[in-house]
Each structure stands twice: as structure tokens, then as C-alpha cells.
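# Notes for the structure review
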Amino acid sequence: MDACLSVERELERLSQKYNNIKEHSDTSLEELTSQISNVQEELSKVNKDDELSPLHLHLLNQSSRKIKDTVSKLATEHKELHGGISKIGKAVDRNFVIDNTTCSQPGVFDGENASLLNEVLCEHLLRQGRLDIAEELIKEANLQIDDSRREPFTELNRILEACRERNLDPALQWAQSRHLELKLRGSSLEFRLHKLKFLDLLKEGRHKEALEYSKQFASFASDHTKDVQQLMACLLYSHKGIENSPYASLLDPVHWLDICDVFARDACALLGLSLESPLQVCITAGSVALPSLLQIRQVMQQRQVTGVWTSKDELPVEVDLGPQYRYHSLFACPILRQQCTDANPPVRLSCGHVISRDALNKLTNGNKVKCPYCPLEMTPGDARQINFY
């Protein structure tokens, strides 16, 4: 953050300098334009066959000198801007470490992994609706991606694009064909789509169609009683306009933005896809973690303890990415104060206390192990590995 602020300060200074030079340049050019216009006006009064008077020659010389001086000053000020731009580049180089190789694993994207990386890039492009770019990547990288993997993204982008244009028919068809699946998930997507469709009909003044369409709410009445009551009450204000009624908030454009988010979330859940692009999540998480890793690397080099970080599967410091990037339960061994891994899983002792396997091995004395939290003794074989979900 300090590095960003330092560069931002340099940028603000350059921006202020640019604005000052621009203001001065505009004023100088306006003065020159005005003076040249005056000289042209004076010269236009002289006959073509007459010689210029000493006064006219003096005006021309004076204008010429002023133009040269102004151009020279503007050129000098313009050159000074280059120095400010150079300072920004130096500030970036000074405040940001370019070499990130020590925080990465060499060759991680070689061989088969390169193909996997291309597939992740392709999936991200399909999620974003960049179908033409994705197809070009598939062709150039010789990827084998079945149509069954492409079709869900194509359909989702088509429906979302229609929703953004306030066309709910494709989304309604999709939701109605998956009514039972959405109901089992406790999703309100289908009802919210019908709700927006009903309000859209009322807003367009199609009152009879809206009244007929309200029959769609019958199957949702038990779960959305209050919402259905409000929608039916909107019919009373249909002639003078819902925007002039107590239910004007139902026409807020934010509901159209929300329906896109709800559709994307529920559709991805039914298709077994993550809501966010895995590539975007990885890049964001890496951007958050990288400054801490670069800082600890610098400290390790200064203290000449570069051998401390020897494991590529475990970070040398804890990096908190926030609750939005927690996808599974974590267990830290209360004895060794380390997070359990596949190589060092948590185990449950006969007494019910849980520690890591490495801690169990350290506590084992002969063929006996004593629980560090209670007096119960047992054999190491009595411990059972447990899994957290």
C-alpha cells in the first residue's frame, strides 16, 4: 500500500504540473492568436502597391519575436513534462520488486500443465462470453474440449445477455424446465422472474395480460405469501401508475441487476460450476498474497536464513485472504501449532481429543501414547484419521 501511495503522489505532482502547463499554453496561444489577428487587420488596411510603414514593420517584428519566444517557452515546458514522466517510472521501479521468481515454482506450467493452463484460460473466456477468442485459443493450443463443456457457458451468456436487455423469456424457459431442481435447492429464482415479468406488463399498461399472468403465482403462494399479496395490490394502482403508488420501490432498476446475479448463482450451482472464474480467483488471491511473500523473502535474505522456506506446499507466513476465499474447513494442530495437510492429517484419539499425526508420533513413547489434555493412555493404533468438510 505504501508503494502504491508513493507512486500516486508522483502521479499527482505530474498531473498538477500538466494542468498548469496546459492552462499557461492555452492562455499564451490565445494571446498570440489575438495579436496575429490584430496585425492582419492592420495590414489589410494597406494598399497592395504601397510600402509598409515603419509602424507596420515594427508590429511585424514585435509579433515575430513574441511568437518565437512563446514557442521556445512552450517547448521548454513540454520537455519538463518528460522529466516528470521519467520520475513516475523510477518511482515504480523503486517501490515495486520486479523479480517475483523466488515466490514461484520453476517449471510449474511445463509439459502437461501448460495444456491445463490453456484449458483454464479457455474456460474463463467462455464464462466471459468471449466465444470467438476462446475458439481461437482452442485451435491454436490444440485443446480437446467437448461441446458438452462449451454449451453450458454459451447458454448462460445468452440468457444473461437477454436479461440485461430486459428480456426474461429465455431465463423463464430455463427456470421452468428445472422447476423441481430449483425447488429442492430452495431457490426463489423462478418466482422472482415471474415477479419481474408481471411488473413489466403492468408498467407497459398491459393490465389484462398482467391479470392473466398473475395465475403463475399460484404455485408460489405458500412460500412467498407476502410478496404475492403486494403484487396483487399493485393491480389496484395499475391505472394511475405503480410509480405513484406505495409499491413504487418494486420498479427499482436494482431488481434487474439482482436477477442476473441470482440466475448466474443458481445456474452455476445446478451445472456444478463455481460462480466465480477459477482463474480470476487465483489471480486475485495471488495479488493479495504476493506482497507478504515478497516482504518475507526480503527479510529472509537480509538475515541470511533463505533455507527457512523449503516447502513449496506451505507458505512461510499466514496470509489471510478473507472469508470469501475460504472453501473448506481448516484444522490447526493444538500441539505443534501447524495447519494439518494431506501429509499430516488430523487424528482423533480414543478420548475424543484431536491432534495432528506428527504430534501423535512425537507423543508416542514405546507402544503407548498419553493424551496431552487428559490422563487417558492408549496405543497409537487406536487413533483414527478424520476429515473435515
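Criteria and cut-off values
- Residues numbered from 1 in each chain as written.
- Predicted model: local features only at pLDDT ≥ 70, side-chain atom pairs only at ≥ 80, totals over all residues.
- Heavy atoms only, no water.
- UniProt positions renumbered as here; feature names shortened; annotations may be inferred.
- Axes fitted to C-alpha atoms, helices over the stretch in contact; angles between N-to-C directions.
- Helix = DSSP H or I, 4+ residues; strand = E, 2+ residues; numbered from the N terminus.
- Parallel < 35°, antiparallel > 145°, perpendicular 65-115°, else oblique.
- Contact = heavy atoms within 4.5 Å.
- Nonpolar A, V, L, I, M, F, W, Y, C, P; charged D, E, K, R; others polar.
- pLDDT = per-residue confidence, 0-100.
- Domains from an automatic or database assignment.
- Phe/Tyr/Trp six-rings, centres within 6.5 Å; stacked < 30°, edge-to-face > 60°.
- Buried < 20%, exposed > 50% of the residue type's maximum accessible area, 1.4 Å probe, protein only.

- The name an unreviewed UniProt entry gives the chain is Protein RMD5-like A, with Stylophora pistillata as the organism.
- Looking at the chain in UniProt, the text filed under Subcellular location (unreviewed entry) is "Cytoplasm".

## Considering the packing of helix α8 (residues 189-203) against helix α10 (residues 225-234)
- Relative to each other, α8 and α10 sit at 10°, their axes nearing to 11 Å. Viewed along their axes, α8 and α10 adopt a mutual orientation that is roughly parallel. Along the contact surface, α8 presents F191, K195, F198, L199 and L202, while α10 presents D227, V228, L231, M232 and C234.
- Each residue belonging to the contact of α8 with α10 can be placed in one class, and the counts come to 8 nonpolar, no polar and 2 charged.

## Points about the UniProt feature "domain: CTLH" (unreviewed entry) in the chain
- Sequence positions flagged by UniProt for "domain: CTLH" (unreviewed entry) are, in local numbering, residues 152-209.
- Between the first and last C-alpha atoms of residues 152-209 the distance is 33 Å; the span itself is 79% helix and 0% strand.

## Here we look at the confidence of the model for the chain
- Per-residue confidence for the chain gives a mean pLDDT of 81; residues scoring 70 or more make up 93%.
- Confidence scores differ between elements of the chain, with helix α2 (residues 54-95) showing the lowest mean pLDDT of 77 and strand β1 (residues 346-348) the highest of 92.

## Some details on the domain arrangement of the chain
- The domains assigned to the chain are domain 1 (1-43 + 53-89), domain 2 (146-271) and domain 3 (332-385).
- Each of domain 2 and domain 3 has a C-alpha centre, and these two points are 54 Å apart.

## As for the packing of aromatic side chains
- Taken as a whole, this structure holds 4 aromatic pairs when the rule is applied.
- An angle of 70° between the planes, with centres 5.0 Å apart, marks the rings of W174 and F263 as edge-to-face. Of this pair, W174 sits in helix α6 (residues 169-177) while F263 sits in helix α11 (residues 254-270), placing them 89 residues apart in sequence. The residues W174 and F263 share a single accessibility class, namely buried.
- Linked through ring pairs, F191, F198, F217 and F220 together constitute an aromatic cluster.

## Observations regarding unusual backbone geometry
- With a phi angle near 55°, N142 is a residue other than glycine that sits in the positive phi range.
- Residue placement: N142 occurs in the loop between α4 (131-140) and α5 (147-164).

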